[in-house]
Amino acid sequence: MTVRVGVIGAGWIGKEHIRRLTDTVTGARVTAVTDIDAARAGEAAAEVGARALPDGAAVVAADDVDAVLVTSWGPTHAEHVLNAVAAGKPVFCEKPLATTAEDCLRIVEAETSHGRRLVQVGFMRRYDAGYRQMKQVIDAGRIGKPLIVHCAHRNPTVPESYTSEMAALDTAVHEVDVLRWLLDDEIASTQVITPRSTSKRFAHLKDPQIMLFETARGVRIDLEVFVNCRYGYDIQCEAVGEEGLVRLPDPAAVGVRTAARHSTDVLTDWVGRFRDAFDTEFREWIASVAAGDEPTGPSAWDGYAATVITAATVEALRSGRVVATDLKPRPAFYGGAA
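Before going into details, it helps to say that this report is about the structure given with it.

Reading guide: rules and limits
Residues numbered from 1 in each chain as written. Predicted model: local features only at pLDDT ≥ 70, side-chain atom pairs only at ≥ 80, totals over all residues. Heavy atoms only, no water. Buried < 20%, exposed > 50% of the residue type's maximum accessible area, 1.4 Å probe, protein only. Helix = DSSP H or I, 4+ residues; strand = E, 2+ residues; numbered from the N terminus. Pairing = 2+ DSSP bridges. Right-handed = clockwise from strand over helix to strand, strands pointing away. Phe/Tyr/Trp six-rings, centres within 6.5 Å; stacked < 30°, edge-to-face > 60°. Arc of directions from axis to C-beta. Contact = heavy atoms within 4.5 Å. Polar contact = N/O pair within 3.5 Å; in protein donor to acceptor, adjacent residues only side chain to side chain. Axes fitted to C-alpha atoms, helices over the stretch in contact; angles between N-to-C directions. Core = buried A, V, L, I, M, F, W, Y, C linked by side-chain atoms within 4.5 Å. Parallel < 35°, antiparallel > 145°, perpendicular 65-115°, else oblique. Left-handed = near helix turned anticlockwise from the far one by under 90°. Nonpolar A, V, L, I, M, F, W, Y, C, P; charged D, E, K, R; others polar. Salt bridge = Lys/Arg side-chain N within 4 Å of Asp/Glu carboxyl O. Expected span 1.5 Å × (residues − 1).

1. Some remarks on the pairing of strand β5 (residues 91-94)
Next, step 1: Side chains of β5 alternate between two faces, with V91 and C93 and F92 and E94 buried alike.
Next, step 2: Pairing between strand β4 (residues 67-70) and β5: three bridges, direction parallel. Each bridged residue has a counterpart across the sheet, and for V70 the counterpart in β5 is C93.
Next, step 3: In this region the chain leaves β4, passes through helix α4 (residues 77-87) and returns to the parallel neighbour β5; the handedness of that crossover is right-handed.
Next, step 4: Of the strand pairs in this sheet, β5 and strand β6 (residues 119-122) are connected by four bridges, and their pairing is parallel. Its bridge partner lying in β6, C93 is registered against V121.
Next, step 5: In this region the chain leaves β5, passes through helix α5 (residues 101-114) and returns to the parallel neighbour β6; the handedness of that crossover is right-handed.

2. Notes on the packing of aromatic side chains
Next, step 1: Per the counting criterion, the structure on display carries nine aromatic pairs.
Next, step 2: Geometrically, the ring pair formed by F333 and Y334 is edge-to-face, given 4.9 Å between the ring centres and 80° between the ring planes.
Next, step 3: With relative accessibility at 27%, the residue F333 sits in the partly exposed group.
Next, step 4: Its relative accessible area of 9% is what places Y334 among the buried residues.
Next, step 5: Within the aromatic cluster, the residues linked to one another by ring pairs are W301, Y304, F333 and Y334.

3. Points about helix α2 (residues 38-48)
Next, step 1: Listing the buried residues of α2 in full gives A41, A44 and A45. Within α2, the buried residues cover an arc of 100° as seen down the axis, which keeps them to one side. Looking at α2, the residues exposed on the side facing more than 90 degrees away from the buried face are A39, A46 and E47.
Next, step 2: The elements touched by buried residues of α2 are α1 (12-23), β2 (28-34) and β3 (51-52).
Next, step 3: Two or three places before A39, at the start of α2, stands the capping residue D37, its side-chain oxygen 3.0 Å from that residue's backbone nitrogen.

4. Notes on the environment of C93
Next, step 1: Inspection of the secondary structure assignment puts C93 in strand β5.
Next, step 2: On the accessibility criterion, C93 (0% relative accessible area) is buried.

5. Structural notes on the sheet that holds β5
Next, step 1: The six strands are arranged β3-β2-β1-β4-β5-β6 in an open sheet whose pairing can be described as parallel. A single partner strand is all that each edge strand has here, and the edge strands are β3 and β6.
Next, step 2: Contacting β1 (3-8), β2, β4, β5 and β6, helix α8 (residues 270-291) runs over the sheet at an angle of about 160° to β5.

6. Examining the nonpolar core
Next, step 1: Grouped together as the largest cluster of nonpolar side chains are 46 residues, with contacts concentrated most on Y131, V149, M211 and C237.
Next, step 2: Top contributing element to this core by residue count: helix α7 (residues 166-183), with nine residues.
Next, step 3: When residues no more than four places from it in sequence are discounted, the contact partners of Y131 are R125, V178, W181, L182, I235, C237, L248 and F274.
Next, step 4: With 33 residues, the next largest nonpolar core counts A32, A62, A78 and I107 among its residues.

7. Some details on the packing of α7 against helix α9 (residues 300-319)
Next, step 1: Two numbers describe how α7 lies on α9: the axes approach to 9 Å, and their chain directions differ by 130°. Judged by the angle between their axes, α7 and α9 are oblique. Crossing of α7 against α9: the hand is right-handed. In this structure, α7 uses A168, L169, V173, V176, D177 and R180 to contact α9, whose residues at the interface are W301, D302, A305, A306, I309, T310, A311, T313 and V314.
Next, step 2: Each residue belonging to the contact of α7 with α9 can be placed in one class, and the counts come to ten nonpolar, two polar and three charged.

8. Here's the deal with the packing of helix α6 (residues 129-139) against α7
Next, step 1: At their nearest, the axes of α6 and α7 sit 9 Å apart, and the two run at 30° to each other. On the side of α6, the interface is formed by Y131, R132, M134, K135, I138 and D139, while α7 contributes V178, W181 and L182.
Next, step 2: Residue composition of the contact of α6 with α7, grouped by class: six nonpolar, no polar and three charged.

9. Describing the pattern of salt bridges
Next, step 1: All told, the structure shown has 24 salt bridges when counted by the stated rule.
Next, step 2: D64 serves as the salt-bridge partner of R51, at 2.9 Å between the closest nitrogen and oxygen. Taken together, the positions of R51 in strand β3 and D64 in the loop between α3 (56-61) and β4 put the pair 13 residues apart, joining distant regions of the chain.
Next, step 3: R51 gets classed as partly exposed once you look at its relative accessible area, which sits at 40%.
Next, step 4: Three or more residues are tied together by salt bridges with common partners; here these are R126, D177, R180, E186, D302 and R330.

10. Regarding α9
Next, step 1: Given a rise of 1.5 Å per residue, 20 residues ought to cover 28 Å, and the 29 Å separating the end C-alpha atoms of α9 matches this to within 8%.
Next, step 2: The buried fraction of α9 amounts to 16 of the 20 residues, a majority that puts the element mostly inside the structure.
Next, step 3: Where α9 begins, the capping side chain belongs to S299, and its oxygen is found 3.2 Å from the backbone nitrogen of W301.

The structure is reproduced here in structure tokens:
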């Protein structure tokens, strides 16, 4: 079966996923595209032999669309995902699932009422080979019970439009999701400490930030978010357990010895670092749709949790206090207690 995909949002990430579905993932074909900029939608559609449609509702309703990909502006996500669920069509939504907890819960309730999982959220780190190896080690009990996790998320630089709140909402959100998955545990509280700021930032930005999380089982997590580190794009993660530790490997790179120095290259952006993870993410999603299976990736509930936890982290940044996440109990539909 070839899965016919309708794409809502033809900006940079939308075009990148259209390319991925066309050139990299087998068993998929983009058949419809829409965007708030009609000319941009037309251009993206023409490149892959798809139709340009006037809006998201038209894409969801189209007879030649089996599954929906949402890559539009964040505040529009809830509307498009809810439309897809109402139509009974699988929907892949780039993060955030929605920009408010209330809208996330509307999606959760709609999907639960439908009685079958349709929604997958685009947290690609769960598909990274290194993180998957860490997950296997932790789940097998090879380091004993996890006690502490140390993380870093570093970017070489960010544009002036980047705000201090975006460190949680757009940057740390990836760690929030992957750590919940790695530990099979929930984040119960959050705190933000702001050390001396780098002189390389724009004046309005608090950078770096140290985010401190505590899970329901008492695991302590420290996350350094440093978005003007200058030297490259660097993702680090180390879980310390009762009997050992496991560390995320750096991307493979050749070592160069020259002029009395030994060096390896450092990546400069997230695209290169997680390209393979994106490819794997979409291969597995398309395979599940083609087989008629429920998606196994990040769920609507995971999207809700990420939105709530990052909002609490923004509150912690502004207030200087430890903030409880106050997540609702996970429904049995998503693998939680009833």
